[in-house]
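As a plain string of letters, each chain reads:
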Amino acid sequence: MTETEIRALFGWNLKRLRKLRGVSQMQLADSVNMAFTFISDIENGKKWVSPETVAKFTQSLNAEPHHFFLPKDYELKESSDVAAFAQEITDALENAKLRYLVK
């Protein structure tokens, strides 16, 4: 992957996370104390970010740093969806364990 492709992927994921959270470029810019034009340039792959800026985005968008580097075909889910799914798995395993112990 080239530097240009990495910048484009980061920008695409920033936009995807921002929209998933229902945040405008202006709102994100305000929350991280940046110009909204800088946010636009990042989303369009024209600008790169420092680790400090990534940290600001993760905090503002309630995300993890790796979320900005996920493949475009990766389906993002809300953490509550993932937590609910994990609970379903835990419950199913617990039920299976109890059924096994009863037999």
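For the structure itself, look to the data block above.
These lines cover the structure that appears in this document, whether it is placed above or below. (Residues numbered from 1 in each chain as written. Predicted model: local features only at pLDDT ≥ 70, side-chain atom pairs only at ≥ 80, totals over all residues. Heavy atoms only, no water.)

**Quick word on the overall build of the protein chain**
Part 1 of the argument: In terms of helices and strands, the protein chain carries five helices and zero strands.
Part 2 of the argument: Shown N-terminal to C-terminal, the secondary structure of the protein chain runs as helices and strands in the order α-α-α-α-α.
Part 3 of the argument: Nonlocal contacts in the protein chain, meaning residues at least 24 apart in sequence, comprise 63% of its contacts between residues at least 6 apart.
Part 4 of the argument: Accessible surface computed for the protein chain: about 7,200 Å², of which carbon and sulfur atoms make up 55%. (Helix = DSSP H or I, 4+ residues; strand = E, 2+ residues; numbered from the N terminus. Contact = heavy atoms within 4.5 Å. Areas by Shrake-Rupley, 256 points an atom, 1.4 Å probe, with all protein chains shown as cover.)

**Some remarks on unusual backbone geometry**
Part 1 of the argument: Even without a glycine there, the phi angle at Asn33 is positive, about 60°.
Part 2 of the argument: Considering the arrangement of structural elements, one finds Asn33 in the loop between helix H2 (25–32) and helix H3 (36–43).
Part 3 of the argument: Of note in this structure, Asn62 is not a glycine but carries a positive phi near 50°.
Part 4 of the argument: Note on placement: Asn62 falls in the loop between helix H4 (51–60) and helix H5 (79–102).
Part 5 of the argument: For Asn62, a relative accessible area of 58% corresponds to the exposed category. (Buried < 20%, exposed > 50% of the residue type's maximum accessible area, 1.4 Å probe, protein only.)

**A look at the side chain of Thr58**
Part 1 of the argument: By the element assignment, Thr58 lies in helix H4.
Part 2 of the argument: With sequence-adjacent residues up to four places away left out, Thr58 is seen in contact with Ala63, Glu64, Pro65 and Phe68.

**Observations concerning the nonpolar core**
Nonpolar side chains in soluble globular proteins generally cluster together in the buried interior.
Part 1 of the argument: Counting residues in each nonpolar core, the largest one holds 15 residues, and the members touching the most others are Phe10, Leu14, Leu28, Ile39, Phe57 and Phe68.
Part 2 of the argument: For this core, the elements supplying multiple residues, two or more each, are helix H1 (3–20), H2, H3 and H4.
Part 3 of the argument: Apart from residues lying up to four places away in sequence, Ile39 is in contact with Gln25, Leu28, Ala29, Val32, Met34 and Phe57. (Core = buried A, V, L, I, M, F, W, Y, C linked by side-chain atoms within 4.5 Å.)

**Details of H2**
Part 1 of the argument: Listed in full, the buried residues belonging to H2 are Leu28, Ala29 and Val32. The arc enclosing the buried residues of H2, seen along the axis, measures out at 100°, which places them on a common side.
Part 2 of the argument: Elements in contact with the buried residues of H2: H1, H3 and H4.
Part 3 of the argument: Immediately beyond the C-terminal end of H2, within one or two residues, lies Asn33, with a positive phi of roughly 60°. (Arc of directions from axis to C-beta.)

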